[in-house]
Amino acid sequence: MTASGGALLLLRHGQSVSNAADIFTGWSDPPLSALGATQARQAGATLDRLGRRPTSVHTSLLRRSIDTAAIVVAVLGFGRLPVHRSWRLNERHYGALTGRDKRAVAAEVDAATFRAWRRSYAIAPPAMSESAAAAMYADPRYAGLPPEALPRTESLADVRARLLPYWSDVLRPLLVAGETPLVVGHGNSLRAFVMHLEGLSPAAVERLDIPTGVPMLYHLDRGGQTGTGAAGRYLDPVSATEPVRIGPGLPALSTPGPSGAG
Ligand SMILES: O=C(O)[C@@H](CO)OP(=O)(O)O
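All values reported here derive from a predicted model rather than from experimental measurement.

(A) Fine view of the site of the ligand. If you check the shell around the ligand, you find R12, N19, I23, F24, T25, G26, E91, Y94, K102, R118, R119 and N188 and nothing else. In this structure, an oxygen atom belonging to the ligand sits 2.9 Å away from a side-chain N or O atom of N19. R118 has a polar side-chain atom sitting 2.7 Å from an oxygen atom of the ligand. Considered on its own, the ligand offers 310 Å² of accessible surface; in the complex 96% of this is hidden by protein. In the shell around the ligand, the residues fall into three nonpolar, four polar and five charged.

Take a look at the structure:
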């Protein structure tokens, strides 16, 4: 595949304290863990070592994305890069599961339901209560957003629908102009994004897990299609093939392949 234009860098934020504690996170807003901050520094070092220099940074409204981006930019020494934040890049809303212990939820429902809530394309977890949503959306960062930007739960299909305008209106034009935007996203929002960029089927995206803190690279070919090139989707394939940790007491998830075993 012949590359043209710029490159798109995707990065899942470093591990958060909720990831470390096996808590469903979604639109809740935990900070990075100490390991997560280290992963962010390593991601910055990987970009630096490979000469991948972002020209702009794009985060969600959640601090684990914002803080990871700040660490990466600091490692690269690019303190004056333009930074854009959008609710469209937020993690998938985990509905009523938000803030709950994954092991406790796994003990309450059958394995197929648990897996469908976490990894299916079309099924959304049960909705968050109106009062919990009202408390979440009292935060000033969400003031002024339209009602459709304030979900009470989301399937991966919902995430894909709200993410695509950011790709087509903001990111893709930057690539066409030869720029290199860095998106610091989330485990499930990036699954939806990768699904679109690689044309994965709903069945394939159900098997896709994206590790924290491992940069990914996409480019546009001359036909305007996105591709990963011969090296695969991960800039650090060795780190990306380490098993995705989901905590003690829960079975291991699939191991992501270096070129998108998805
Ligand atoms: O809690 C979450 O929001 C996500 C990603 O961190 O977890 P899971 O991998 O279970 O979808």
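Having seen the model, we can carry on.
(B) Just unusual backbone geometry, in detail. The backbone of D22 sits at a positive phi, close to 60 degrees, despite the residue not being glycine. Mapped onto the elements, D22 comes out in the loop between α1 (17-20) and α2 (34-49).

(C) Focus on the side chain of T25. Mapped onto the secondary structure, T25 falls in the loop between α1 and α2. Setting aside anything within four residues of it in sequence, one finds T25 in contact with S18, N19, P30, R64, Y94 and T98.

(D) Structural context of the packing of aromatic side chains. In this structure the tally under the stated criterion is six aromatic pairs. Ring centres 6.0 Å apart and planes at 65 degrees place the aromatic pair F24 and F114 in the edge-to-face group. A residue pair is termed long-range when its members are at least 10 positions apart, and F24 in the loop between α1 and α2 and F114 in helix α5 (residues 111-119) qualify at 90 residues. Each of the two residues, F24 as well as F114, counts as buried. Considering the side-chain rings of W167 and F193, the 5.8 Å spacing of their centres and the 65 degrees angle between planes classify their relative orientation as edge-to-face. With W167 in helix α7 (residues 156-176) and F193 in helix α8 (residues 187-198), this pair connects stretches of sequence that are 26 residues apart. Summarising the burial analysis for this pair, W167 and F193 share the class buried. Directly above the ring of Y94 sits R92, whose terminal nitrogen or CZ lies 4.3 Å from the centroid.

(E) Representation of the UniProt feature "site: Transition state stabilizer" (unreviewed entry) in the protein chain within the structure. Here, UniProt's "site: Transition state stabilizer" (unreviewed entry) annotation points to H186. Turning to its location among the elements, H186 is positioned in the loop between β4 (181-185) and α8. Non-local contacts of H186, meaning those with residues more than four positions away in its chain, are made with R12, H13, S60, L62, R64, S65, L89, N90 and E91. There is a polar contact of 2.8 Å between the side chain of H186 and the side chain of S60.

(F) Molecular detail of the UniProt feature "active site" (unreviewed entry) in the protein chain. Under the feature "active site" (unreviewed entry), the UniProt entry names H13 and E91. For the residues just named, distributed over 79 residues, the greatest C-alpha separation is only 10.5 Å, placing them together at one site. Along the chain, H13 falls in the loop between β1 (3-12) and α1. In this structure H13 touches N19, R64, S65, T68, V184, G185, H186, T212 and G213, once residues within four positions along its chain are discounted.

(G) Expanded view of the pattern of salt bridges. Tallying each qualifying case throughout the model produces nine salt bridges. Its salt-bridge partner being D48, residue R53 comes within 3.4 Å of it at the nearest N-O pair. The shortest N-O distance in the salt bridge between D139 and R141 comes to 3.0 Å. The class for D139 is partly exposed, based on a relative accessible area of 26%. According to the relative accessible area criterion, R141 is partly exposed, its value standing at 30%. If you follow the salt bridges from partner to partner, you end up with D29, R63, D139 and R141 in one network.

About the thresholds
Residues numbered from 1 in each chain as written. Predicted model: local features only at pLDDT ≥ 70, side-chain atom pairs only at ≥ 80, totals over all residues. Heavy atoms only, no water. Near = heavy atom within 4 Å. Polar contact = N/O pair within 3.5 Å; in protein donor to acceptor, adjacent residues only side chain to side chain. Areas by Shrake-Rupley, 256 points an atom, 1.4 Å probe, with all protein chains shown as cover. Nonpolar A, V, L, I, M, F, W, Y, C, P; charged D, E, K, R; others polar. Helix = DSSP H or I, 4+ residues; strand = E, 2+ residues; numbered from the N terminus. Contact = heavy atoms within 4.5 Å. Phe/Tyr/Trp six-rings, centres within 6.5 Å; stacked < 30°, edge-to-face > 60°. Buried < 20%, exposed > 50% of the residue type's maximum accessible area, 1.4 Å probe, protein only. Lys NZ or Arg CZ within 6 Å of the ring centre and 35° of its normal. UniProt positions renumbered as here; feature names shortened; annotations may be inferred. Salt bridge = Lys/Arg side-chain N within 4 Å of Asp/Glu carboxyl O.

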